[in-house]
Amino acid sequence: MKIQAAVTRHAHAPMEIEEVELEDPRENEILVRIVGTGICHTDVVMRDHALPTPHPAVLGHEGAGIVERIGTAVRSVAPGDHVVISFNSCGHCPSCAEGAPSYCHAFFPLNILGMRLDGSSPLSNGTECIHGNIFGQSSFATYALCNERNVVKVDDDLDLSMLGPLGCGILTGAGTVFNSLEVRQGSSIAVFGAGAVGLSAVMAAKVAGAATVIAIDINKERLRLATELGATHTIDAGGTQTLESIHAIVPSGIDYAIDTTGKLPVIGIAIDALAPRGKCGLIGAMPPGSKLEIDTAHLLSGGRSIMGIVEGSADPQLLIPRLVALYREGKFPFDRLISYYPFSAIDQAIADAERGIAIKPVVRMP
Ligand code: CXF
Ligand code: ZN
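Residues numbered from 1 in each chain as written. Chains lettered and ligands numbered in written order. Predicted model: local features only at pLDDT ≥ 70, side-chain atom pairs only at ≥ 80, totals over all residues. Heavy atoms only, no water.

1. Some remarks on the nonpolar core
Okay, so step 1: In this structure, Leu 163 and Ile 189 are the most contacted members of the largest nonpolar core, which totals 100 residues.
Okay, so step 2: Among the elements that make up this core, the one with the highest residue count is helix α5 (residues 196–208) (7 residues).
Okay, so step 3: In this structure Ile 189 touches Val 177, Val 183, Ala 205, Ala 210, Thr 212, Val 213, Ile 214, Ile 254, Tyr 256 and Ile 258, once residues within four positions along its chain are discounted.
Okay, so step 4: Within the second largest apolar cluster, 17 residues are counted, among which are Ile 214, Ala 257, Ala 270 and Cys 280. (Core = buried A, V, L, I, M, F, W, Y, C linked by side-chain atoms within 4.5 Å. Buried < 20%, exposed > 50% of the residue type's maximum accessible area, 1.4 Å probe, protein only. Helix = DSSP H or I, 4+ residues; strand = E, 2+ residues; numbered from the N terminus. Contact = heavy atoms within 4.5 Å.)

Right under this line is the structure:
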């Protein structure tokens, strides 16, 4: 079928909305009409060749929409179902078998490389192959082909256009708190970076009952929002000695630190700030080969640990419904992070995210 898609052809350059051809769903695939899709920093990373996603490609991995058609082997959804589309996983490697699909052994080819595992892409424009199937979706388009493992059914009374970011950024922040770090009631946590992922972690930390939730950023407006969403303290990292400020709040150190910035000096502070038995979760993507200098005595003597985290260690089939339920209870108001743009303004939406004007842009399809 013919669809409209934002095609990425060049690094650091605008995408062009083009008419392209999308294949019919194969037996295990699901055709979704996209209603809205979030923009994640990883889309920018893929556009700019900092990840090896080949161009031309249709990016986008926080889609939400309505099932249009299903392949003959699909059982879990039916046409008309409302769905959130998350990351893809194989379903049979050791990680998937243990319920940890974000550490799927095929995560990289299934989500980053822009083709099915057999090397085919469902997108073309008649003359050239266009890489699709990004995160099992490529949702910067009016329609996307997805799979049973990355499509999560949601109630149809909710506004679909706001739900897409539950598939990646918001799931990552919340899953890090609930699943990866298992933040305990009464504990202390510092979140470095108050973007969509960091603010989702702040909301989740409040839900988990953390007594001290410190949000750290250089953007005063975001720190104000962090306070409204559950931060008990904020630190303006632009104007203060961050480590000293943390110690002024929790003299023996913090139980949990989350880095969403991917900046090595920030990660250094996060580790230094840990209390004995404290855990530091690394979410912010770093270029491959980034090396961190660690005081191993500080780690070893207090039983502190550092953990790399992908997609909040979440199973989307479990966490997305839980986040929707918390949203309904008023305990997880993730809609406050979203700014909407028409599909035609996708490059503006990306530019606003890069300049820090929009926390979580969502483009809505015409
Ligand atoms: C990404 C984060 C960097 C590693 C690959 C997965 N997640 C989503 O944007
Ligand atoms: Zn993402």
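2. Considering the site of ligand 1
Okay, so step 1: The local shell around ligand 1 consists of Cys 40, Thr 42, His 61, Phe 107, Phe 135, Cys 168 and Glu 311.
Okay, so step 2: At a separation of 2.5 Å, an oxygen atom of ligand 1 approaches a polar side-chain atom of Thr 42.
Okay, so step 3: Take His 61: an N or O atom from its side chain is 3.3 Å from an oxygen atom of ligand 1.
Okay, so step 4: Notes on ligand 1: free accessible area 270 Å², of which the protein chains cover 75%.
Okay, so step 5: For the shell around ligand 1, the per-class residue count stands at 4 nonpolar, 2 polar and 1 charged. (Near = heavy atom within 4 Å. Polar contact = N/O pair within 3.5 Å; in protein donor to acceptor, adjacent residues only side chain to side chain. Areas by Shrake-Rupley, 256 points an atom, 1.4 Å probe, with all protein chains shown as cover. Nonpolar A, V, L, I, M, F, W, Y, C, P; charged D, E, K, R; others polar.)

3. Some details on the coordination of the zinc ion (ligand 2)
Okay, so step 1: Every protein donor of the zinc ion (ligand 2) is listed here as Cys 40 (SG), His 61 (NE2) and Cys 168 (SG), and their distances to the metal cover 2.0 to 2.3 Å.
Okay, so step 2: Taken together, the 4 donor atoms coordinating the zinc ion (ligand 2) and their angles of 97 to 130 degrees define a geometry best described as tetrahedral.
Okay, so step 3: Between consecutive donors of the zinc ion (ligand 2), the numbers of intervening residues give the motif C-x20-H-x106-C. A residue pair is termed long-range when its members are at least 10 positions apart, and His 61 in the loop between α1 (41–47) and β4 (63–70) and Cys 168 in the loop between β9 (151–154) and α4 (169–180) qualify at 107 residues.
Okay, so step 4: His 61 gets classed as buried once you look at its relative accessible area, which sits at 0%.
Okay, so step 5: Taking relative accessible area as the criterion, Cys 168 reaches 5% and is therefore assigned buried. (Donors = N, O, S within 2.8 Å, 3.2 Å for Na, K, Ca; no water. Tetrahedral: all angles 85-135°; square planar, octahedral: opposite > 155°, others 65-115°.)

4. Examining the pattern of salt bridges
Okay, so step 1: The full count for this structure, using the stated rule, is 17 salt bridges.
Okay, so step 2: Across the pair Arg 69 and Asp 24 runs a salt bridge, and its minimum N-O distance is 3.5 Å. Here Asp 24 lies in the loop between β2 (16–22) and β3 (29–38) and Arg 69 lies in strand β4, a separation of 45 residues in the sequence.
Okay, so step 3: Accessibility expressed as a relative area gives 37% for Arg 69, which makes it partly exposed.
Okay, so step 4: Judged by relative accessible area, which is 49%, Asp 24 ranks as partly exposed.
Okay, so step 5: Salt bridges sharing partners connect three or more residues here, namely Arg 9, Glu 18 and Glu 128. (Salt bridge = Lys/Arg side-chain N within 4 Å of Asp/Glu carboxyl O.)

5. Regarding unusual backbone geometry
Leave glycine aside and you will find that most residues have negative phi; peptide bonds, for their part, are mostly trans.
Okay, so step 1: That bond from His 55 to Pro 56 is cis: its omega, -5 degrees, falls within 30 degrees of zero.
Okay, so step 2: Mapping Pro 56 onto the fold places it in the loop between α1 and β4.
Okay, so step 3: Backbone geometry places Asn 133, a non-glycine residue, at a positive phi of 65 degrees.
Okay, so step 4: With respect to the secondary-structure elements, Asn 133 resides in the loop between β7 (129–130) and β8 (143–147).
Okay, so step 5: On the basis of relative accessible area, Asn 133 is assigned to the buried category, the value being 6%.
Okay, so step 6: Phi is positive for Ser 138, close to 65 degrees, though the residue is something other than glycine.
Okay, so step 7: Note on placement: Ser 138 falls in the loop between β7 and β8.

6. Section: the packing of α4 against α5
Okay, so step 1: Close contact between α4 and α5 brings their axes to 7 Å; oriented N to C, the two are set at 40 degrees. With respect to their mutual orientation, α4 and α5 come out oblique. With respect to the hand of their crossing, α4 and α5 are arranged in right-handed fashion. Counting all contacts with α4, which are made through Gly 169, Ile 170, Thr 172, Gly 173, Ala 174, Val 177 and Phe 178, the residues of α5 involved are Val 197, Ser 200, Ala 201, Ala 204, Ala 205, Val 207 and Ala 208.
Okay, so step 2: Of the residues contributing to the contact of α4 with α5, the split by class is 10 nonpolar, 4 polar and no charged. (Axes fitted to C-alpha atoms, helices over the stretch in contact; angles between N-to-C directions. Parallel < 35°, antiparallel > 145°, perpendicular 65-115°, else oblique. Left-handed = near helix turned anticlockwise from the far one by under 90°.)

7. A word on helix α8 (residues 264–272)
Okay, so step 1: Listing the buried residues of α8 in full gives Ile 267, Ala 270 and Ile 271. Each buried residue of α8 sits inside an arc of 95 degrees when the element is viewed along its axis, so together they form one side.
Okay, so step 2: Along its buried surface, α8 packs onto β10 (188–192), β13 (254–259), β14 (274–282), α9 (296–302) and β15 (305–308). (Arc of directions from axis to C-beta.)

8. Considering the sheet that holds strand β1 (residues 2–7)
Okay, so step 1: Here 4 strands make up an open sheet; going across it, the order is β1-β2-β6-β7 and the pairing antiparallel. Each end of this open sheet is capped by a strand with a single partner; those strands are β1 and β7.
Okay, so step 2: In this structure, β2 lies alongside strand β6 (residues 123–124), joined through 2 bridges in antiparallel fashion. Within β6, the position partnered with Glu 21 by the bridge is Ser 124. (Pairing = 2+ DSSP bridges.)

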